[in-house]
Amino acid sequence: NSKQAKGRIKIKVCKLAICVATLGNRPVVEEVLSYSIDYLIKYGVDIYYYDSGKNSAVKTITEEFAEKGYGNIYHVPLDSKISYGEKIDLIFSGYALAKDYEYIWPIKDRVICNEDMLRLVLGRCEAGADIVISLSLGDIFEEDHIDNVSPIEIYGLFAKQTTSLETIKNISAVKLPETSAF
């Protein structure tokens, strides 16, 4: 897409997907996209809407943005009976991601970082952070790189933060082996 290519800033290796849990909330999705889509494109960040709404309102707004040349928006339709927890589990598992990403950022549908915060997050991702802990989307916790620690140990050290919707996760650092159990 010409709009996507124009003004895109090269990020070394960080591939970030923002994953939004929503329930057919078109006005909120439209407001957030109107505010953020240009700088998300600029920094090469994709945004996924995991939508369990009973109508196609969110799908329609994502398609409208795509028709305007924004190729970084994805709509993931989910069963309307799915619980919020199940939706978050799908996000953490990487369900329906169209590309390989190094980092996923589960986030609430009424929230998006501003451009300065996004640059800060991407800088930490480029530095190889295992997790980037956002403190109310205004600052980040600096001690986010833990060398030679297994995913189980990361969850043990940062249980609350790794399950927070304000924490960006390095997929390879937090992926549990298939046979892991707590």
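In this text, all values refer to a predicted model and were calculated from it rather than measured experimentally.

Inspection of every chain in the model, using the stated rule, returns five aromatic pairs. Ring plane angle 90° and centroid distance 5.8 Å describe the contact between Tyr35 and Tyr39, whose orientation is recorded as edge-to-face. You can see Tyr35 and its partner Tyr39 sitting in helix 2 (residues 26-42), four residues apart, about one turn around the helix. Measuring from centroid to centroid gives 5.9 Å for Tyr48 and Tyr101, while their planes differ by 90°, and the two rings are edge-to-face. Here Tyr48, found in strand 2 (residues 46-51), pairs with Tyr101, found in the loop between helix 4 (84-93) and strand 4 (103-108); they are 53 residues apart in sequence, far enough to count as distant.

Close approach of charged atoms lets side chains of opposite charge pair. All chains considered together, the criterion is met by seven salt bridges. Where Lys99 meets Asp46, a salt bridge forms, and the shortest distance between an N and an O atom there is 2.9 Å. Separated by 53 residues along the polypeptide, Lys99 in the loop between helix 4 and strand 4 and Asp46 in strand 2 bring together distant segments of the chain. The network of salt bridges with shared partners includes Lys42, Glu115, Asp116 and Arg119.

Of all six residues in strand 4, five are buried, a share of seventy percent or more. Bridging between strand 1 (residues 16-22) and strand 4 involves six bridges; their strand directions are parallel. Looking across to strand 4, one finds that Val20 is bridged to Ile107. Taken together, the two bridges between strand 4 and strand 7 (residues 167-170) define a ladder with antiparallel strand orientation. Considered in strand 7, the bridge of Tyr103 is made with Asn170.

What follows deals with the environment of Cys113. With respect to the helices and strands, Cys113 occurs in the loop between strand 4 and helix 5 (115-126). Relative accessible area serves as the criterion here: at 1%, Cys113 is assigned to the buried category. Along the sequence, Cys113 and Leu40 sit 73 residues apart, while their C-alpha atoms lie 9.9 Å from each other.

Take helix 2 next. In this model helix 2 runs 24 Å from its N-terminal to its C-terminal C-alpha over 17 residues, within 8% of the 24 Å that 1.5 Å per residue would give. Largest kink in helix 2: about 55°, centred on Ser36. The set of residues buried in helix 2 consists of Val28, Val29, Val32, Leu33, Ser36, Ile37, Tyr39, Leu40 and Ile41. Positive phi appears at Gly44, one or two residues downstream of helix 2, with a value of about 70°.

What follows covers the side chain of Asp109. In this structure, Asp109 sits in the loop between strand 4 and helix 5. Here Asp109 sits buried without a salt bridge, and the closest side chain of opposite charge, Arg110, lies 4.6 Å off (N-O distance). In this structure the side chain of Asp109 is engaged in a polar contact, spanning 2.8 Å, whose partner is the side chain of Thr22. In this structure, Asp109 is in contact with Val20, Ala21, Thr22, Leu23, Asn25, Val28 and Val32, ignoring residues within four places of it in sequence.

Parameters at a glance
- Residues numbered from 1 in each chain as written.
- Predicted model: local features only at pLDDT ≥ 70, side-chain atom pairs only at ≥ 80, totals over all residues.
- Heavy atoms only, no water.
- Phe/Tyr/Trp six-rings, centres within 6.5 Å; stacked < 30°, edge-to-face > 60°.
- Helix = DSSP H or I, 4+ residues; strand = E, 2+ residues; numbered from the N terminus.
- Salt bridge = Lys/Arg side-chain N within 4 Å of Asp/Glu carboxyl O.
- Buried < 20%, exposed > 50% of the residue type's maximum accessible area, 1.4 Å probe, protein only.
- Pairing = 2+ DSSP bridges.
- Expected span 1.5 Å × (residues − 1).
- Bend = angle between axes of the 7 residues up to and from the residue.
- Lys, Arg positive; Asp, Glu negative; His and termini not counted.
- Polar contact = N/O pair within 3.5 Å; in protein donor to acceptor, adjacent residues only side chain to side chain.
- Contact = heavy atoms within 4.5 Å.

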